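Commentary on secondary and tertiary structure
Read off the chains here:
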Amino acid sequence: EADIYQTPRYLVIGTGKKITLECSQTMGHDKMYWYQQDPGMELHLIHYSYGVNSTEKGDLSSESTVSRIRTEHFPLTLESARPSHTSQYLCASTGGWSTDTQYFGPGTRLTVL
Amino acid sequence: GENVGLHLPTLSVQEGDNSIINCAYSNSASDYFIWYKQESGKGPQFIIDIRSNMDKRQGQRVTVLLNKTVKHLSLQIAATQPGDSAVYFCAENVGRGSTLGRLYFGRGTQLTVWP
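In this text the structure is predicted, and so the values were computed from the model without any measurement.

Criteria and thresholds
- Residues numbered from 1 in each chain as written.
- Chains lettered and ligands numbered in written order.
- Predicted model: local features only at pLDDT ≥ 70, side-chain atom pairs only at ≥ 80, totals over all residues.
- Heavy atoms only, no water.
- Phe/Tyr/Trp six-rings, centres within 6.5 Å; stacked < 30°, edge-to-face > 60°.
- Helix = DSSP H or I, 4+ residues; strand = E, 2+ residues; numbered from the N terminus.
- Buried < 20%, exposed > 50% of the residue type's maximum accessible area, 1.4 Å probe, protein only.
- Pairing = 2+ DSSP bridges.
- Contact = heavy atoms within 4.5 Å.
- Buried area = accessible area lost by both parts, 1.4 Å probe.
- Salt bridge = Lys/Arg side-chain N within 4 Å of Asp/Glu carboxyl O.
- Polar contact = N/O pair within 3.5 Å; in protein donor to acceptor, adjacent residues only side chain to side chain.
- Nonpolar A, V, L, I, M, F, W, Y, C, P; charged D, E, K, R; others polar.
- Core = buried A, V, L, I, M, F, W, Y, C linked by side-chain atoms within 4.5 Å.

**Concerning the packing of aromatic side chains**
Centre-to-centre distance and the angle between the planes together describe a pair of aromatic rings. Scanning the entire structure with this criterion turns up eight aromatic pairs over all chains. For the ring pair Phe104 of chain A and Tyr36 of chain B, a centre distance of 5.3 Å and an interplane angle of 90° mean the geometry is edge-to-face. One end of the pair, Phe104 of chain A, is in strand S10 (residues 103-104); the other, Tyr36 of chain B, is in strand S4 (residues 32-38), on a second chain. The class of Tyr36 of chain B is buried, set by a relative accessible area of 0%. Each ring, one from Tyr25 of chain B and one from Phe33 of chain B, has its centre 4.6 Å from the other, and the planes form 50°; the classification is tilted. For Phe33 of chain B, a relative accessible area of 2% translates into the label buried.

This is how it looks when you write it as structure tokens:
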């Protein structure tokens, strides 16, 4: 079982609200990722980080932003949520030069009304 | 992104039978492949991986086969159990070590096990 945590697990909010999805891992992994996944569909990379103070945008355009001030913490923020942001958000991490296996958190199911 | 996909979106098997889930990829430079299992409401869980210098790898009740000639990956589950019911994703890695080691995911196959 990977030690990667996401909070909240479920979030229902109104349009225009600012939200932050939390992701933390206790494995000391350098690389962390955020994916967006609609039900039954593939995962789309929206943000990733090589390490502290490193953030990059992924393949899928997203209005969210991320930060990486500490190794273990990789929060994702939406300044003004919209119904189109309704989705599942998955955080993952990987560490070491010899492994590329990504370990996933349980996800946050976001619903914007 | 890379073209990583699965041939069948759904697969139904009887408990105790063997399951085979297939995946095709398009990038011949991919050197690492992973199978994930995702149960409803949960994040993907690592099942088994294989590097491109191998063509077969076995785990507990699972076997992954890699055919680089036709860019095909398969996951075999022996004696399928109800607890195996989930969506299965294959993912490929293009670039490792000093690069990020991006993973590209396919659409997933929903495996349903009936008694």
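**Here's the deal with the sheet that holds strand S3 (residues 19-25) of chain A**
All names here are of chain A. Spatially, four strands are ordered S1-S3-S8-S7 in an open sheet, and the strand pairing comes out antiparallel. Two strands bound the open sheet, and with one partner strand each, they are strand S1 (4-7) and strand S7 (65-66). Two elements, S1 and S3, share four bridges in a ladder whose sense is antiparallel. Pairing of Thr7 across the sheet is with Glu22, part of S3.

**A few points about the interface of chain B and chain A**
Contacts between chain B and chain A engage 25 residues on the former and 25 residues on the latter. Across the chain B/chain A interface, buried area totals approximately 2000 Å², and carbon plus sulfur atoms make up 51% of it. Put simply, chain B and chain A have zero salt bridges between them. Counting every contact that joins chain B to chain A gives five residue pairs in polar contact (both at pLDDT 80 or more). For the side of chain B that touches chain A, the residue count by class is 10 nonpolar, nine polar and six charged.

**Quick notes on the environment of Ile13 of chain A**
Residue and element names in this part refer to chain A. Along the chain, Ile13 turns up in strand S2 (residues 10-13). For Ile13, a relative accessible area of 13% corresponds to the buried category. When the C-alpha atoms of Ile13 and Thr111 are compared, they prove to be 6.4 Å apart, with 98 residues separating the residues in sequence. Residues contacting Ile13, with those up to four places away along its chain left out, are Ile19, Ala81, Leu110, Thr111, Val112 and Leu113.

**What about the nonpolar core?**
In terms of nonpolar packing, the biggest core is built from 20 residues, with Trp35, Leu73, Leu75, Tyr88 and Leu111 of chain B touching the most fellow members. Counting residues in each nonpolar core, the second largest holds 17 residues, with Leu21, Ile46, Leu78 and Val112 of chain A among its members.

**As for unusual backbone geometry**
With omega at -10°, the peptide bond leading from Thr7 of chain A into Pro8 of chain A counts as cis. For Pro8 of chain A, the position within the fold is in the loop between S1 and S2. Look at Lys71 of chain B: it is not a glycine, yet its phi comes out positive at around 55°. Mapped onto the secondary structure, Lys71 of chain B falls in the loop between strand S7 (62-67) and strand S8 (72-77). The backbone phi angle of Ala79 of chain B is positive, close to 50°, even though this residue is not glycine.

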